[in-house]
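Analysis of the macromolecular model
The lines below spell out each chain.
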Amino acid sequence: MTSIEMTKGARSHSVLVVGAGYVGLTSAVCFAHLGHQVVCVEANPFRLAPLLEGRSPIHEPGLEELMVEGVLSDRLHFAPAIGKEEMTGVEVALLAVGTPPDENGDPDLTQLAAAAREVSANAAGDLVVVVKSTVPPGSCEAIELVCAEAALEGVRISVVSSPEFLRESRAVEDFLAPDRVVVGASDSQVADLVADLYPAGVPLVKTDRRGAELIKYAANAFLAVKISFANEVAAMCESLGTEAATVLLGVGLDQRIGKDFLRPGPGYGGSCLPKDVSGFQALGRAMGTPTRVVAAAEEVNQEASRAALMKLEMGLAGVAGKTIALLGLAFKPGTDDSRDSPALKLAELLISSGARVRAYDPLARVESFAGERVDCAFDAIEDADALVVATAWQEFSVLSPMAVAERLAGRMVLDAAGALDLESWSEAGLVVYGIGRGAPVAFHPVVWPPLRWAHHRSGLRLLDGDTGFVAG
Ligand SMILES: NC(=O)c1ccc[n+]([C@@H]2O[C@H](COP(=O)([O-])OP(=O)(O)OC[C@H]3O[C@@H](n4cnc5c(N)ncnc54)[C@H](O)[C@@H]3O)[C@@H](O)[C@H]2O)c1
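1. Considerations on the environment of Leu-52
- For Leu-52, the position within the fold is in helix α2 (residues 45-52).
- In this structure Leu-52 comes out as exposed when scored by relative accessible area, which is 56%.
- Taking the C-alpha atoms as reference points, Leu-52 and His-77, separated by 25 residues in sequence, lie 8.7 Å from one another.

2. Some details on the sheet that holds strand β15 (residues 431-434)
- What the six strands build is an open sheet, ordered β12-β11-β10-β13-β14-β15; its pairing is parallel. The open sheet terminates on both sides in strands that have one partner only, identified here as β12 (372-373) and β15.
- Where strand β11 (residues 356-360) lies against β12, two bridges are found, and the strand directions are parallel. Paired with Arg-358 across the strands is Glu-372, a residue of β12.
- Strands in contact with helix α12 (residues 292-315) are β13 (386-389), β14 (412-415) and β15; relative to β14, the strand with the most contacts, it is inclined by about 170°.

3. What about the side chain of Gln-281?
- Summarising the element assignment, Gln-281 is placed in helix α11 (residues 273-287).
- Judged by its relative accessible area of 10%, Gln-281 is buried.
- With residues up to four places along the chain from it excluded, the contact list for Gln-281 reads Thr-291, Val-294, Ala-295 and Glu-298.

4. Overview of the nonpolar core
- Among the nonpolar cores identified, the biggest contains 59 residues, and Leu-312, Leu-327, Leu-350, Ile-381, Leu-387, Trp-425 and Leu-430 are the most heavily contacted of them.
- The contacts of Leu-327, once residues within four sequence positions are left out, are Tyr-360, Ala-377, Ala-380, Ile-381, Leu-387, Val-388, Val-389, Ala-390, Thr-391, Phe-396 and Leu-399.
- Counting 42 residues, the second-largest nonpolar core is a separate cluster that includes Leu-25, Ala-32, Val-92 and Ala-195.

5. Details of the packing of α12 against helix α13 (residues 342-352)
- Two numbers describe how α12 lies on α13: the axes approach to 10 Å, and their chain directions differ by 50°. Between α12 and α13, the angle is such that the two are oblique. As α12 packs across α13, the resulting crossing turns out to be right-handed. For the pair α12 and α13, the contacting residues are Asn-301, Ser-305, Arg-306, Ala-308, Leu-309 and Leu-312 in the first and Pro-342, Lys-345, Leu-346, Leu-349 and Leu-350 in the second.
- In terms of residue class, the contact of α12 with α13 is built from seven nonpolar, two polar and two charged.

6. Looking at the site of the ligand
- Near the ligand, the surroundings consist of 26 residues, among which Glu-42, Arg-47, Thr-99, Glu-168 and Lys-275 are the closest.
- Contact distances for the ligand include 3.1 Å between an oxygen atom and a side-chain N or O atom of Arg-339.
- Look at the ligand: alone it shows 830 Å² of surface, and the protein chains cover 89% of it.
- Broken down by secondary-structure element, the contributors of at least two residues to the shell around the ligand are α1 (22-33) and α5 (110-121).

7. Points about α12
- End to end, α12 covers 34 Å across 24 residues, agreeing with the expected 34 Å (1.5 Å per residue, within 8%).
- The sharpest bend along α12 measures roughly 30° and falls at Ala-304.
- Where α12 is concerned, the buried positions are Val-294, Ala-297, Val-300, Asn-301, Ala-304, Ser-305, Ala-308, Leu-309, Lys-311 and Leu-312.
- Phi turns positive one or two residues past the end of α12, at Ala-317, with a value near 55°.

8. Brief notes about the pattern of salt bridges
- Taken as a whole and assessed by the stated rule, the structure comprises 17 salt bridges.
- Of the charged contacts in the structure, one is a salt bridge between Glu-238 and Lys-311, with a shortest N-O distance of 2.6 Å. With Glu-238 in helix α9 (residues 209-240) and Lys-311 in helix α12, this pair connects stretches of sequence that are 73 residues apart. Taken as a pair, Glu-238 and Lys-311 share a single burial class, namely buried.
- Linking Asp-276 and Lys-275 is a salt bridge whose minimum nitrogen-to-oxygen distance equals 2.9 Å. For the pair Asp-276 and Lys-275, a shared accessibility class is recorded, and that class is buried.
- Overlapping salt bridges bring together Glu-5, Asp-192 and Lys-206 as one network.

Rules used in this analysis
Residues numbered from 1 in each chain as written. Predicted model: local features only at pLDDT ≥ 70, side-chain atom pairs only at ≥ 80, totals over all residues. Heavy atoms only, no water. Helix = DSSP H or I, 4+ residues; strand = E, 2+ residues; numbered from the N terminus. Buried < 20%, exposed > 50% of the residue type's maximum accessible area, 1.4 Å probe, protein only. Pairing = 2+ DSSP bridges. Contact = heavy atoms within 4.5 Å. Axes fitted to C-alpha atoms, helices over the stretch in contact; angles between N-to-C directions. Core = buried A, V, L, I, M, F, W, Y, C linked by side-chain atoms within 4.5 Å. Parallel < 35°, antiparallel > 145°, perpendicular 65-115°, else oblique. Left-handed = near helix turned anticlockwise from the far one by under 90°. Nonpolar A, V, L, I, M, F, W, Y, C, P; charged D, E, K, R; others polar. Near = heavy atom within 4 Å. Polar contact = N/O pair within 3.5 Å; in protein donor to acceptor, adjacent residues only side chain to side chain. Areas by Shrake-Rupley, 256 points an atom, 1.4 Å probe, with all protein chains shown as cover. Expected span 1.5 Å × (residues − 1). Bend = angle between axes of the 7 residues up to and from the residue. Salt bridge = Lys/Arg side-chain N within 4 Å of Asp/Glu carboxyl O.

This is how it looks when you write it as structure tokens:
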């Protein structure tokens with residue numbers, strides 16, 4: 001039976017968090033801030049080393065400050081591995097390891113199963129294992145079998161689903177003031193214990209484990225649908241010569257729809273949406289339940305980078321041999337994460353079409369990049385044939401269009417991220433294209449030929465054929 005109540009944020013608990021990534025480290029730091037006793041285990045030495053020196057290995061506003069607060073208060077500790085010592089007195093083990101897609105797009109749960117095995121094998125007493133990682137419905141039940149097999153005799157392990165909804169670049173803020181907390185458990189006492197970990201006064205959705213797992217998948221699938229829908233409307237706006245941002249605001253201010261995630265852009269990316277959209281579809285295939293809406297959203301998204309490339313091909317009469325200044329590599333502003341970034345996808349398309357890409361991003365960590373990476377925006381822009389803004393960093397919005405115009409060899413600017421004020425950039429003599437705004441690529445002067453209606457009283461009647469109407 002599903003019910004909605006509020007979290008109470010009651011007494012403090014002893015928690016072990018596995019994984020110090022965006023979700024794990026944020027959870028560990030915020031739990032300590034909320035008064036819990038926390039050990040955070042991170043197996044990657046490159047992530048662990050800065051943690052042991054009091055620095056955050058990932059960029060998240062406010063995270064490092066709270067982390068230092070937790071360490072100084074003795075409520076937060078870091079460790080390289082899960083052992084008996086780390087598990088001493090632990091009531092809850094929260095698993096926040098990666099669940100990347102495998103070659104078929106299905107989530108790979110190897111890290112999760114390994115972490116579940118390790119915490120269970122080292123638990124001296126009964127333990128609640130919380131799966132924070134995003135997993136397909138049914139996973140918690142499977143993980144519970146893994147735990148039971150690894151646990152010492154007489155130790156009872158209960159597995160609970162409590163998916164995470166934080167956004168990178170606002171992880172701490174989202175964790176401490178979430179829209180909702182979701183807890184899926186087979187036992188209501190265990191569900192209450194897990195709900196106690198979170199801040200007080202947050203809407204709490206208690207359900208079964210499969211329900212909780214599906215809430216996360218369905219939420220991300222719906223966000224992807226919103227983004228792709230916005231991009232389809234944006235394409236219409238380009239043809240009509242009207243402004244997509246305003247049209248979508250007009251749509252989204254309807255509370256039934258909501259304006260968030262209803263903005264035109266280079267498509268969705270990051271470590272979650274593309275992966276969870278394909279996981280949602282894999283789930284549909286496995287269950288025999290069609291996921292046509294989400295499949296269409298994915299198709300639209302895959303075309304988004306290609307549409308940006310086509311604009312550059314048209315504007316430059318071919319990109320082969322041209323130098324493109326690319327501002328932005330992170331999948332969105334405010335984060336150093338470039339996993340599945342639309343900016344990187346566009347860079348790859350440009351490079352495979354014969355362009356040279358010179359890129360600048362203030363923070364993005366990029367493992368391999370076939371273009372050239374430079375240290376500031378103007379180093380990228382100098383003498384380039386065109387400029388593309390692919391991530392809406394604030395520092396790109398405040399660039400002086402005149403200074404850019406002086407340095408850029410060509411005149412074309414493509415604002416794929418919606419970061420620029422097109423008017424002032426056009427006034428600087430630049431030819432500025434956007435997504436769903438700016439110079440229309442193919443403007444139709446006639447709105448809708450043929451007008452397939454007749455209005456006898458005003459004398460308008462449809463003429464046969466597809467080409468027009470006459471006064472009757
Ligand atoms: N990043 C987000 O914005 C976000 C938001 C909501 C949900 N999620 C989900 O949360 C999960 C984690 O995402 P993330 O972005 O934090 O991943 P991440 O890759 O940044 O971090 C995972 C960390 O776990 C560590 N790890 C793996 N196995 C370990 C083990 N046995 N012992 C110790 N450390 C181990 C890895 O070294 C890595 O540092 C994923 O399932 C993801 O889909 C992510």
